[in-house]
Amino acid sequence: MNQVQILLIAWVSLTVFSILLGLTAYKYRTKVHKKLTLVESFNIAIAAATIVSSCSLLYRASTSKELLDLLQFDSYVFILGAIAVIWLSIQQIWQIFK
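Residues numbered from 1 in each chain as written. Predicted model: local features only at pLDDT ≥ 70, side-chain atom pairs only at ≥ 80, totals over all residues. Heavy atoms only, no water.

Colleague: For the environment of Phe 78, give the residues involved together with the corresponding values.
Modeller: Tracing the sequence through the fold places Phe 78 in helix H4 (residues 74-96). With a relative accessible area of 31%, Phe 78 lands in the partly exposed category. Separated by 44 residues in the primary sequence, Phe 78 and Lys 34 have C-alpha atoms spaced 37 Å apart. The residues contacting Phe 78, other than those within four sequence positions of it, are Leu 57, Ala 61 and Leu 71. (Helix = DSSP H or I, 4+ residues; strand = E, 2+ residues; numbered from the N terminus. Buried < 20%, exposed > 50% of the residue type's maximum accessible area, 1.4 Å probe, protein only. Contact = heavy atoms within 4.5 Å.)

Spelled out as structure tokens, the structure:
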């Protein structure tokens, strides 16, 4: 498997997991079944894609000698930015099931 296939599998898995976990938590909390709209489903898929992409960037930023040499001190800012994107994507998914 190449890296693109691994990231695609991770994205689809995270999307399905987020939807199932969110619906289960919502039903457990409210005792009501929530129906997702198409827009909410796409927002979850996009947020999951950004999480997977940011994790890939974190991995590359921490393991690529060339990228570390190119960015130097800015590599810390790059890593913080990727973490911020992950955090905001998780919040986006959380808001859908709130």
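Colleague: Please provide a residue-by-residue account of helix H1 (residues 3-30), values included.
Modeller: End to end, H1 covers 40 Å across 28 residues, agreeing with the expected 40 Å (1.5 Å per residue, within 8%). On the buried face of H1, the contacting elements are helix H2 (38-63) and H4. Looking at where H1 begins, the residue whose side-chain oxygen comes 2.9 Å from the main-chain nitrogen of Gln 5 is Asn 2. A positive backbone phi angle near 60 degrees is found at Lys 31, which sits one or two residues after H1. (Expected span 1.5 Å × (residues − 1). Polar contact = N/O pair within 3.5 Å; in protein donor to acceptor, adjacent residues only side chain to side chain.)

Colleague: I'd like a rundown of the nonpolar core, residues and numbers included.
Modeller: Listed in full, the 7 residues of the largest apolar core are Ile 19, Ile 44, Ala 47, Ile 51, Ile 93, Ile 96 and Phe 97. For this core, the secondary structure elements donating two or more residues are H2 and H4. When residues of this core are assigned to their parent elements, the largest contribution, 3 residues, is made by H2. Once residues within four sequence positions are removed from consideration, Ile 96 is found in contact with Lys 34, Leu 36, Glu 40, Asn 43 and Ile 44. (Core = buried A, V, L, I, M, F, W, Y, C linked by side-chain atoms within 4.5 Å.)

Colleague: Pulling in residues and values, what's your account of the packing of H2 against H4?
Modeller: Running from N to C, H2 and H4 point in directions that differ by 160 degrees, and their axes come no closer than 9 Å. As far as their axial angle goes, H4 and H2 are roughly antiparallel. In the packing of H2 onto H4, the handedness of the crossing is left-handed. Here Glu 40, Asn 43, Ile 44, Ala 47, Ala 48, Thr 50, Ile 51, Ser 54, Cys 55, Leu 57, Leu 58 and Ala 61 of H2 come into contact with H4, specifically with Phe 78, Ile 79, Ala 82, Ile 83, Val 85, Ile 86, Ser 89, Ile 90, Gln 92, Ile 93 and Ile 96. (Axes fitted to C-alpha atoms, helices over the stretch in contact; angles between N-to-C directions. Parallel < 35°, antiparallel > 145°, perpendicular 65-115°, else oblique. Left-handed = near helix turned anticlockwise from the far one by under 90°.)

Colleague: Can you lay out H2 for me, pointing to particular residues and giving the numbers?
Modeller: A rise of 1.5 Å per residue sets the reference length of H2, with its 26 residues, at 38 Å; its end C-alpha atoms lie 38 Å apart and thus fit the reference within 8%. Taken together, the buried positions of H2 are Glu 40, Ile 44, Ala 45, Ala 47, Ala 48, Ile 51, Val 52, Ser 54, Ser 56 and Ala 61. The inward-facing, buried residues of H2 abut H1, helix H3 (65-71) and H4.

Colleague: Account for the pattern of salt bridges, with residues named and values stated.
Modeller: Within the structure shown, the criterion is met by 1 salt bridge. Of the charged contacts in the structure, one is a salt bridge between Asp 69 and Lys 65, with a shortest N-O distance of 3.5 Å. Here Lys 65 and Asp 69 lie together in helix H3, a separation of 4 residues that amounts to about one turn. Judged by its relative accessible area of 44%, Asp 69 is partly exposed. (Salt bridge = Lys/Arg side-chain N within 4 Å of Asp/Glu carboxyl O.)

Such coordinate-based values are descriptive only and should not be taken to indicate function.
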